[in-house]
Amino acid sequence: MSETSAIVPESALLSEVPVLRIVPPGRWWILPFGELWEYRELVYFLVWRDIKVRYKQTAVGAAWAVLQPLLTMAVFSLFFGRLAHIPSEGLPYAVFYYTALLPWMYFAASLQNATVTIVENQRLITKVYFPRLALPLSAVLSGLVDFGISFLMLLVIMVYYGIRPGITMLLLPAFLLLAVLTALGVGLWLAALNAIYRDVRYVLPFLVQFWLFASPIAYPTSLVPEKWRWLYGLNPLAGVIEGFRWSLTGHGDPPSRLILISSATVLLILLSGIAYFQKMETTIADVV
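Since we're looking at a predicted model, the values are computed, not measured.

Engineer: Talk me through the overall build of the protein chain; I want residue IDs and the actual numbers.
Structural biologist: A tally of regular secondary structure across the protein chain gives 12 helices and 0 strands. Start at the N end of the protein chain and walk to the C end: the helices and strands fall as α-α-α-α-α-α-α-α-α-α-α-α. Here the protein chain holds 288 residues, and 45% of them are scored as buried. Restricting the contact set of the protein chain to residue pairs at least 6 apart, pairs at least 24 apart contribute 80%. For the protein chain, the accessible surface area stands at approximately 16400 Å², while carbon and sulfur atoms represent 67% of it.

Below you can see the structure in the form of structure tokens.
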């Protein structure tokens, strides 16, 4: 016996094929943490790619993560310490400057990488969909590798000068998280602006240089008059750097007020940066 099979029209088969529509986010003020978690493997591979590209065909390799803060620390110790006699709050100049340069170098490098990440990945953005926030996030997270290498040199310097970390070092991860959020918040603003106005990358070196001297790296916060210290705390790196110094060395009183003001500023910059980046995400693929 032969079975007669029914002929299904082609239009009916096409109607059963699922259609996936990719639309811009309807509300830019919603935090996209759920979507980022779904694309966590992509973030991992982007971080790994940034690390491999950074050290590909380099003669010194990862040693650059140590040489840059180490040489800068030597210059600061000579000119600001030995010659200008800027107070170091009882700490050796090497420890005083290196503990500040450690978060600063991480912030400066992460900011530079996050600013150009949208433009550098324009081919990827225009061909496939993924949360664009993964690009500046991966640029910020990849800098933690250099931070870890530089931190090992700091431990060597502290042992050399006989400084033993105390219980305050347990708060170091909190200040590191604050540094990461600062770099991410500012990086989101600059990445979105750089995708529209390409001259942002030319302003970035001046901004980084200005921010260097506006932060307590070459001098302690105690040199700032007390009545202006709350205003100085609006610089998010002020609380980060002073928190690093205090948590690693245990010298002086905890800069609680400065840290609270800087933390509030970081939160404001981060939330506004995410909102602005998501708002621009709907048109980034067209203008990039």
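After that view of the structure, there is still more to cover.
Engineer: Help me get a handle on the side chain of S262, residues and values and all.
Structural biologist: Mapped onto the elements of the fold, S262 is located in helix α12 (residues 256–287). Taking the relative accessible area as the measure of exposure, S262 reaches 0% and is therefore buried. There is a polar contact of 3.3 Å between the side chain of S262 and the backbone oxygen of N235. In contact with S262, other than residues within four places in its own chain, are G233, N235, P236, A238 and G239.

Engineer: Please set out helix α3 (residues 40–55) residue by residue, giving values where relevant.
Structural biologist: In this model, α3 (16 residues) spans 23 Å end to end at C-alpha, consistent with the 22 Å of a helix rising 1.5 Å per residue. Buried within α3 we find V43, L46, V47, D50, I51 and Y55. An end-on view of α3 places all buried positions within 155° of arc, on one side of the element. Across α3 from its buried face, at more than 90 degrees, point the exposed residues E41, F45 and V53. Residues of α3 that are buried in the fold lie against α4 (64–83) and α7 (134–160).

Engineer: Give me unusual backbone geometry: which residues, what numbers.
Structural biologist: Even without being glycine, H85 reaches a positive phi, approximately 55°. Tracing the backbone shows H85 in the loop between α4 and α5 (93–120). One non-glycine residue with positive phi stands out, namely E89, at about 55°. With respect to the secondary-structure elements, E89 resides in the loop between α4 and α5.

Engineer: Describe in detail a nonpolar patch on the surface, supporting the description with residues and values.
Structural biologist: Residues V75, L78, F79 and L83 make up a contiguous nonpolar surface patch of roughly 380 Å² in combined accessible area. Relative to the elements of secondary structure, V75 occurs in helix α4. A residue is classified by how much of its surface remains accessible, and V75, at 42% relative accessible area, is partly exposed.

Engineer: Now, about the nonpolar core: what can you tell me, with residues and values included?
Structural biologist: Core analysis: the largest hydrophobic core is formed by 78 residues, its most contacted members being Y97, W104, I217 and F244. Elements represented by at least two residues in this core include exactly α3, α4, α5, α7, α8 (172–196), α9 (200–213), α11 (236–249) and α12. Sorting elements by how many residues they give to this core places α5 first, with 16 residues. Those residues in contact with I217 that sit more than four places away from it in its chain are F76, F96, Y97, A100, L101, W104, L212, I241 and R245.

Engineer: An account of the pattern of salt bridges is needed here, citing residue identities and associated values.
Structural biologist: Applying the stated criterion across every chain, the model contains 4 salt bridges. A salt bridge links R49 to D50; the nearest nitrogen and oxygen atoms lie 3.3 Å apart. Its relative accessible area of 31% is what places R49 among the partly exposed residues. A salt bridge links R245 to E242; the shortest N-O distance between them is 3.4 Å. With R245 and E242 both in helix α11 and 3 residues apart, the pair spans about one turn of that helix. Accessibility expressed as a relative area gives 3% for R245, which makes it buried. Given the relative accessible area of 7%, E242 is considered buried.

Cut-offs and rules
Each chain has its residues counted from 1, following the order in which its sequence is written. Residues qualify for local features only when their pLDDT is at least 70, as the model is predicted, and side-chain atom pairs are given and counted only at 80 or more; totals for whole chains, interfaces and linings, by contrast, use all residues. Computation of side-chain values covers all heavy atoms of the structure but excludes hydrogens and water. Secondary structure is summarised from DSSP: a helix means a run of H or I of at least four residues, a strand means a run of E of at least two, and numbering begins at the N terminus for each. Buried residues are those whose accessible area, probed at 1.4 Å on protein chains only, stays under 20% of the maximum for their type, while exposed residues exceed 50% and partly exposed ones sit between those limits. Between two residues, a contact is recorded if the distance between any of their heavy atoms is within 4.5 Å. Residue exposure ignores everything except the shown protein chains as possible cover, and the areas themselves are Shrake-Rupley values with a 1.4 Å probe. Residues adjacent in sequence count toward polar contacts only when both atoms are side-chain atoms; beyond that, a polar contact is any pair of N or O atoms within 3.5 Å, and within protein one must be able to donate a hydrogen and the other to accept it. Here the expected length of a helix is defined as 1.5 Å per residue gap, with one fewer gap than residues. The directions considered for the arc run from the helix axis to the C-beta atoms. Note on patches: the residues involved have over 30% relative accessible area and no salt bridge, like charges join within 9 Å, and the nonpolar side chains Val, Leu, Ile, Met, Phe, Trp and Tyr join within 5 Å. A pairing counts as a salt bridge when a side-chain nitrogen of Lys or Arg comes within 4 Å of a carboxyl oxygen of Asp or Glu. Throughout this description, the term nonpolar core refers to a set of buried Ala, Val, Leu, Ile, Met, Phe, Trp, Tyr and Cys residues connected via side-chain atoms within 4.5 Å.

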